[in-house]
Structures are given as C-alpha cells and as structure tokens.
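# Structure assessment
Take a look at the letters that make up each chain.
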Amino acid sequence: MIFMVKTKKVGLTGKFGTRYGRGVKVAFEKIERKQKATYVCPSCKKTSVKRVSAGIWQCKKCNVKFTGGAYSPTTGLTESE
Ligand SMILES: [Zn+2]
C-alpha cells in the first residue's frame, strides 16, 4: 500500500545512476506505476493525490494543488522497492 512509504534518503542522482546502469526497462515500469498511483494528501491525509503533470500534484478530495517531484509528490520520499 502507498501508506507504507518509507523515508529513504535516495537522491535523484543515485536513482538515475542505477537507472542507466542496468534495469532501464524495470525503472521505466516503476515510473509508469508511480504516475498512476495515488498518494497521501499532505493537507487532508486522504490517499487522493494524483499527478496532474510533471511536478504538479492535486488532491481529489480537498483540491489542494502542490508541486513535488516529477514522479512522486515528495522528492525526498521513495517507496520501498
Ligand atoms: Zn487533500
């Protein structure tokens, strides 16, 4: 579940390093999944945040719009993989 987001300090550089090293296809599939996933809203705490466009996120419940990472709402947070 998306609730089980772990605070893992993985910088973008480290992530892209792996991505181009090996498993490029797998990395892209992960991104695809992340774009379709919903995330917990920082405002109303409902799992209703969807990606509007790169870096733009919106909550379907309270309509709050905020900027974040291109593929997940918070750049510092990564799902356990
Ligand atoms: Zn909300």
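A short tour of the structure in this document, coming up. (Residues numbered from 1 in each chain as written. Predicted model: local features only at pLDDT ≥ 70, side-chain atom pairs only at ≥ 80, totals over all residues. Heavy atoms only, no water.)

### Things to note about the coordination of the zinc ion
Distances from the zinc ion to its protein donors, namely Cys41 (SG), Cys44 (SG), Cys59 (SG) and Cys62 (SG), fall within the range 2.2 to 2.3 Å. Going along the chain, you hit the donors of the zinc ion in the pattern C-x2-C-x14-C-x2-C. Note that Cys44 is positioned in the loop between strand E1 (39-40) and strand E2 (47-53) and Cys59 in strand E3 (residues 56-59), a separation of 15 residues in sequence. (Donors = N, O, S within 2.8 Å, 3.2 Å for Na, K, Ca; no water. Helix = DSSP H or I, 4+ residues; strand = E, 2+ residues; numbered from the N terminus.)

### Some thoughts on the pairing of E2
Across 2 bridges, E1 lies against E2 in antiparallel orientation. Looking across to E2, one finds that Val40 is bridged to Thr47. Taking the residues that link successive antiparallel strands as the turn, the E1-E2 hairpin has 6 residues, and the phi of Lys45 there is positive, at about 65 degrees. Between E2 and E3, which pair antiparallel and follow one another directly, the connecting turn spans 2 residues, one of which, Gly55, has a positive phi of 85 degrees. (Pairing = 2+ DSSP bridges.)

### A word on the sheet that holds strand E4 (residues 65-67)
On the basis of which strands lie adjacent, the open sheet formed by 4 strands has the order E1-E2-E3-E4 and antiparallel pairing. What marks the edges here is a single partner per strand, and that holds for E1 and E4. Here 3 bridges tie E3 to E4, and the two strands are oriented antiparallel to one another. Directly across from Gln58, in E4, lies its bridge partner Lys65.

Keep in mind that these numbers describe shape and distance, not what the molecule does.
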